[in-house]
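What the coordinates show
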Number of protein chains: 4
Amino acid sequence: MTIKDTLSTGAAIALGSVNATATERTPADSEVWDPEPVHVATPLNAAPSDAVVLFDGSGLSEWESVQGGECPWSVADGVLTVVPGSKDIRTKRSFGDAQLHIEWRTPIYKEPKIGQGPGNSGVFFQERYEVQVLDSYENRTYANGQAAAIYKQAIPLVNASRAPGEWQTYDIIWTAPRFSQGGGLLSPARITVLHNGILVQNNTILAGKTEYLVPPSYSPHGPGPLMLQDHGEEVSFRNIWIREL
Amino acid sequence: MTIKDTLSTGAAIALGSVNATATERTPADSEVWDPEPVHVATPLNAAPSDAVVLFDGSGLSEWESVQGGECPWSVADGVLTVVPGSKDIRTKRSFGDAQLHIEWRTPIYKEPKIGQGPGNSGVFFQERYEVQVLDSYENRTYANGQAAAIYKQAIPLVNASRAPGEWQTYDIIWTAPRFSQGGGLLSPARITVLHNGILVQNNTILAGKTEYLVPPSYSPHGPGPLMLQDHGEEVSFRNIWIREL
Amino acid sequence: MTIKDTLSTGAAIALGSVNATATERTPADSEVWDPEPVHVATPLNAAPSDAVVLFDGSGLSEWESVQGGECPWSVADGVLTVVPGSKDIRTKRSFGDAQLHIEWRTPIYKEPKIGQGPGNSGVFFQERYEVQVLDSYENRTYANGQAAAIYKQAIPLVNASRAPGEWQTYDIIWTAPRFSQGGGLLSPARITVLHNGILVQNNTILAGKTEYLVPPSYSPHGPGPLMLQDHGEEVSFRNIWIREL
Amino acid sequence: MTIKDTLSTGAAIALGSVNATATERTPADSEVWDPEPVHVATPLNAAPSDAVVLFDGSGLSEWESVQGGECPWSVADGVLTVVPGSKDIRTKRSFGDAQLHIEWRTPIYKEPKIGQGPGNSGVFFQERYEVQVLDSYENRTYANGQAAAIYKQAIPLVNASRAPGEWQTYDIIWTAPRFSQGGGLLSPARITVLHNGILVQNNTILAGKTEYLVPPSYSPHGPGPLMLQDHGEEVSFRNIWIREL
């Protein structure tokens, strides 16, 4: 079982100087020059230069109603706000694996807050998989239904919620599920979420499409739109951008 | 192969109402109330309330020299700066899985920048695994040695570098390697890095401890300090905090 | 980024001599003596000494009807055979992760074989997850429903079926799904199947409980019985053993 | 967060009838007919019809010396035996992911057996990664160096060794490591081993190339030969076949 000189012969099969023996190695042997990563500008409080800007304060050209037709939500003062009853909206483009940045704000409540009521909305990847948006600041609901939960699937690691009226951020790394040619599940969807900069979902596995009543399950699909939910609350959004991975 | 009534009997083995059939199910069946996530405050430009604050502008009580003794780097104007030649520093505490936030700034160069020279430093997890710090703004070096590279292991997805003199951020999710009782590798270390808010390492697998000359390899170990590198350059740091996962 | 003498200091944190530097290392440094694996006898055509013998040719004490009561299938000439209409059977014991060996034989058909008819049965792990048993020798059916399919989830890599009347083997490595305290899916079930010694499922991910009509989904559960299916065909079994992993 | 009618609209994006709602679904919706798995014959005690037969009792055309030139080991009575001192042998073909079947027999010892001495040989995948072959029947050595160990990396789950002079089998599922274009480790090698039909390595992660003295590490490489080791002992082999996965 000792690795004798025969194996160093074998090593010569592999790639160039990386396989030089320790005695011959120079630091340059482990330098890799290509590919050179593309430069991306990262301005403060704005989208990076390689992102698809979904909303930067004006214009809804990236969005449509899920019922078809123009995006029915309102834009004022650089902020996109749900028009309750107007239905969900989704991007015209479809995405698979992606990094998403989105900022959101729930309205201030005068009456006592109750459970799923205040500031309810949601961010859906591929139009199926929801990260919950909710006013979860001093507002108890079921743990797998509060802000930053993978709705009815995964409880956030901590509750990083800010108060209603304050802007909050989600930075999300989304890995789409993979399906075989025959439609079988090759790998489930995975998600990492930073809520206000705090890790709340750590490469969490999704068990399937978000469901309200039945257990989640997968049906094969390709890339899909990002969807934002109208749940009857005037939740606002700003500075939305996505980068395909 | 059809799943007959026998299987629904079997399902009764599982947990409570989750296994109710679709016709009987109510939305409450899929609500999970416990555990309730702990609330964490997330002030702007400061550490979250549950973090270990490693540096907030004053005081070096969390740090020591890797040679033993007090931290030899300088603090001025709320900024921690390498004192070239004073050696690396490390935290007194040890960490395993963790989320790290750190801000860094490389000095402005008057002479032409060359490769690994300008602004070279590094962030080491468990005192072994390095995320490169370098002035990689309009400064070509080997791709697996530029800023946000896992040094000599993994090229960043993009180059999100800002110019020297500007503050930059790393938000890092670190998953420590696991070893068997017998010292075998059960799972390699994994890392996700956002550089200035941009995903540059996506759950990247590490092949072992960072090495300069030889290929990286694993030797079993437990939690370890966070280490910052003195590579002879006056690199500055601020707003450093870590959360154990 | 170079790993200087500081890091070798760091290495001293890790376990003993494993971290000796290359120049000091001896071959004994990488020897691990404990734990010593337990010896298991592996007689030809019989269960290994550490297995739970589920059927060795006589006796049904390990089995019961899924309807409750004694196992209603027949034993003759050392072979266990389905009594059509008597319902499925399951082990009295429950299992999680396991290695299963089972031999099966489908009856010889006089009439033309059609799809799911001939020799239909199934092996269910944790009473939920089915590996199909079928006469798939020169008998076309849907690919995710033939012998060695994860029923309606995963097509076998090849069709390793022997003719009806011949004994066939399954050697299966079953990894149970894991659920969080809150019932979320931490990791899906995985299965590796050798059919007549040939790899037909290679660490395949299951999307959930086997379903006939709807997409598979997970509901949290613990260990469960092994179940064999009565699908109205006189399928026979022998030499059944299982090892908990 | 409730999934309203908008989502069922979204579901129409996905593949055909698989997304029909439960009320509309028929069993045929979840049948997948293509691709149809190829039939493979599985004769008893011989290679399956789709395997590369590496040794079936006569002929060494698949093998060569690792020093170049013809395979220097002996063939007699349908058995391939190490000629001590003649050096290791390897296949002329290269393989990546593969299923390997190999039978081996260690010689009977008259003197007391000691550690790594009796019946020492090894099976190397891609000429780098060793599954130990040793007479580990009533012969204590370091646990990560006994039969079925991933040499100096992973202890077998149990000791399934038969006595010297008896034939033993390895059925191995090998998953090659993956490397990025830049030479980084994308995923480590994994191995599953059945020793005499018993699971002894369960999707074990390898930390790198087998090493005798230093910790294992990865250097990027492509497919490579299967190698058998001459460790100075007259170990015999028979019925060797491999299937590319």
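Quick caveat: nothing in here was measured; it's all calculated off a predicted structure.

Topic: the overall build of chain A
Check the secondary structure of chain A and you find one helix and 15 strands. Against the globule reference of 18 Å for 245 residues, chain A gives a C-alpha radius of gyration of 23 Å, more extended than a compact globule. If one aligns the C-alpha atoms of chain A with their principal axes, the spans along those axes are about 80 × 40 × 35 Å. Here chain A holds 245 residues, and the buried ones make up 62% of them.

Section: the relation of the copies chain B and chain A
If you rotate chain B by 180° and push it 0.0 Å along the axis, it lands on chain A with an RMSD of 0.0 Å. Such a turn and shift between the copies fits a two-fold axis. Among all residues of chain B, the minimum C-alpha distance to the rotation axis is found for Asn203 of chain B, at 4.1 Å. Taken together, the interface assignments show that 100% of the residues at the interface of chain B recur at the interface of chain A, consistent with an identical surface on both copies.

A word on the interface of chain B and chain A
For an interface, size is often stated in terms of accessible area lost upon the parts coming together. With 53 residues of chain B at the contact, the number on the chain A side is 53 residues. Here chain B and chain A share an interface that buries about 4,500 Å² over both sides, 59% of which is from carbon and sulfur atoms. At the boundary of chain B with chain A, the tally comes to four salt bridges. Asp34 of chain B is paired through a salt bridge with Arg140 of chain A; the nearest N and O atoms lie 3.6 Å apart. Counting across the interface, chain B meets chain A through 30 residue pairs in polar contact (both at pLDDT 80 or more). Residue assignment for the side of chain B that touches chain A shows that the elements contributing at least two residues are strand E12 (190-195), strand E13 (198-205) and strand E15 (236-244) of chain B. A per-class count over the side of chain B that touches chain A returns 29 nonpolar, 15 polar and nine charged.

Things to note about the packing of aromatic side chains
All names here are of chain B. This structure, assessed with the given rule, holds 32 aromatic pairs over all chains. A centroid spacing of 6.1 Å and a plane angle of 65° characterise the contact between Phe179 and Tyr218, whose relative ring orientation is edge-to-face. Placement of Phe179 in strand E10 (residues 178-179) and of Tyr218 in the loop between E13 and strand E14 (227-228) is noted, with a sequence separation of 39 residues between them. Owing to a relative accessible area of 17%, Phe179 belongs among the buried residues under this scheme. On the accessibility criterion, Tyr218 (7% relative accessible area) is buried.

Regarding the sheet that holds strand E14 (residues 227-228) of chain C
By definition, the strands of a sheet pair up through backbone hydrogen bonds, in either a parallel or an antiparallel sense. All names here are of chain C. Across the sheet, five strands lie side by side as E2-E5-E14-E7-E8; this open sheet has antiparallel pairing. Each end of this open sheet is capped by a strand with a single partner; those strands are strand E2 (63-65) and strand E8 (129-133). Pairing geometry for strand E7 (residues 121-125) and E14, over two bridges, is antiparallel. By the bridge assignment, Phe124 is partnered in E14 with Met227.

Remarks on unusual backbone geometry
With an omega dihedral of 0°, the bond running from Asp34 of chain B to Pro35 of chain B counts as a cis peptide bond. Relative to the elements of secondary structure, Pro35 of chain B occurs in the loop between helix H1 (5-11) and strand E1 (52-55). With phi around 55°, Asn203 of chain A is a residue other than glycine that occupies positive phi space. In this structure, Asn203 of chain A sits in strand E13 (residues 198-205).

Re the side chain of Asp230 of chain A
Residues and elements named next belong to chain A. With respect to the helices and strands, Asp230 occurs in the loop between strand E14 (227-228) and strand E15 (236-244). Asp230 gets classed as buried once you look at its relative accessible area, which sits at 3%. At a separation of 2.9 Å, a polar atom in the side chain of Asp230 contacts the main-chain amide nitrogen of Gly85. At a separation of 2.8 Å, a polar atom in the side chain of Asp230 contacts the main-chain amide nitrogen of Gly232.

Structural notes on the side chain of Glu127 of chain C
Locating Glu127 of chain C in the fold gives a position in the loop between E7 and E8. A polar atom in the side chain of Glu127 of chain C sits 2.7 Å from the side chain of Arg90 of chain C.

Focus: the sheet that holds strand E5 (residues 89-91) of chain B
Sheet architecture is open: five strands sit in the order E2-E5-E14-E7-E8 (chain B), paired in antiparallel fashion. Of all the strands in the sheet, just strand E2 (63-65) and strand E8 (129-133) of chain B have a single pairing partner and so form its edges.

Considerations on the confidence of the model for chain A
Residue and element names in this part refer to chain A. When pLDDT is averaged along chain A, the result is 90, and 91% of the positions lie at 70 or above. Note on residues 1-20: pLDDT under 50 across the span, and 55 contacts to partners over four residues away in sequence or across chains. Listed scores for the predicted complex are pTM 0.90 and ipTM 0.90.

Comments concerning the environment of Gln126 of chain D
Residue and element names in this part refer to chain D. With respect to the helices, strands and loops of the structure, Gln126 is situated in the loop between strand E7 (121-125) and strand E8 (129-133). Filtering out sequence-adjacent residues up to four positions away, Gln126 remains in contact with Phe95, Gly96, Trp174, Ala176, Pro177, His221, Gly222, Pro223, Gly224 and Pro225. Among the polar contacts listed, one links the side chain of Gln126 to the side chain of Trp174, at a separation of 3.0 Å. At a separation of 3.2 Å, a polar atom in the side chain of Gln126 contacts the main-chain carbonyl oxygen of Gly222.

Things to note about the environment of Glu62 of chain A
All names here are of chain A. Examined against the element boundaries, Glu62 turns out to sit in the loop between strand E1 (52-55) and strand E2 (63-65). Distance from Glu62 to Arg93, taken between C-alpha atoms, is 7.3 Å for residues 31 residues apart in sequence. Beyond its immediate chain neighbours, meaning those up to four positions away, Glu62 contacts Val52, Val53, Leu54, Arg90, Thr91, Lys92 and Arg93.

Considering the pattern of salt bridges
Taken as a whole, this structure holds 40 salt bridges over all chains when the rule is applied. Here Arg90 of chain C and Glu127 of chain C are joined by a salt bridge, their closest N and O atoms 2.7 Å apart. Taken as a pair, Arg90 of chain C in strand E5 (residues 89-91) and Glu127 of chain C in the loop between E7 and E8 lie far apart in primary sequence, 37 residues in all. Owing to a relative accessible area of 13%, Arg90 of chain C belongs among the buried residues under this scheme. Glu62 of chain D is paired through a salt bridge with Arg93 of chain D; the nearest N and O atoms lie 2.9 Å apart. Of the two residues, Glu62 of chain D is situated in the loop between strand E1 (52-55) and strand E2 (63-65) and Arg93 of chain D in the loop between strand E5 (89-91) and strand E6 (98-105); the sequence distance between them amounts to 31 residues. On the basis of relative accessible area, Glu62 of chain D is assigned to the buried category, the value being 14%. With relative accessibility at 41%, the residue Arg93 of chain D sits in the partly exposed group. If you follow the salt bridges from partner to partner, you end up with Asp34 and Glu36 of chain A together with Arg140 of chain B in one network.

Focus on the pairing of E15 of chain A
Residues and elements named next belong to chain A. Extensive coverage of E15 is indicated by the burial of seven of its nine residues. Across three bridges, the pairing between E1 and E15 is antiparallel. Bridged to Phe55 within E15 is Ile240. As paired strands, strand E6 (residues 98-105) and E15 are joined by seven bridges and run antiparallel to one another. Bridge pairing in E15 links Trp104 to Phe237.

Calculation criteria
- Residues numbered from 1 in each chain as written.
- Chains lettered and ligands numbered in written order.
- Predicted model: local features only at pLDDT ≥ 70, side-chain atom pairs only at ≥ 80, totals over all residues.
- Heavy atoms only, no water.
- Helix = DSSP H or I, 4+ residues; strand = E, 2+ residues; numbered from the N terminus.
- Rg over C-alpha atoms; globule rule 2.2 N^0.38 Å.
- Buried < 20%, exposed > 50% of the residue type's maximum accessible area, 1.4 Å probe, protein only.
- Least-squares fit on C-alpha atoms with pLDDT ≥ 70 in both.
- Contact = heavy atoms within 4.5 Å.
- Buried area = accessible area lost by both parts, 1.4 Å probe.
- Salt bridge = Lys/Arg side-chain N within 4 Å of Asp/Glu carboxyl O.
- Polar contact = N/O pair within 3.5 Å; in protein donor to acceptor, adjacent residues only side chain to side chain.
- Nonpolar A, V, L, I, M, F, W, Y, C, P; charged D, E, K, R; others polar.
- Phe/Tyr/Trp six-rings, centres within 6.5 Å; stacked < 30°, edge-to-face > 60°.
- Pairing = 2+ DSSP bridges.
- pLDDT = per-residue confidence, 0-100.

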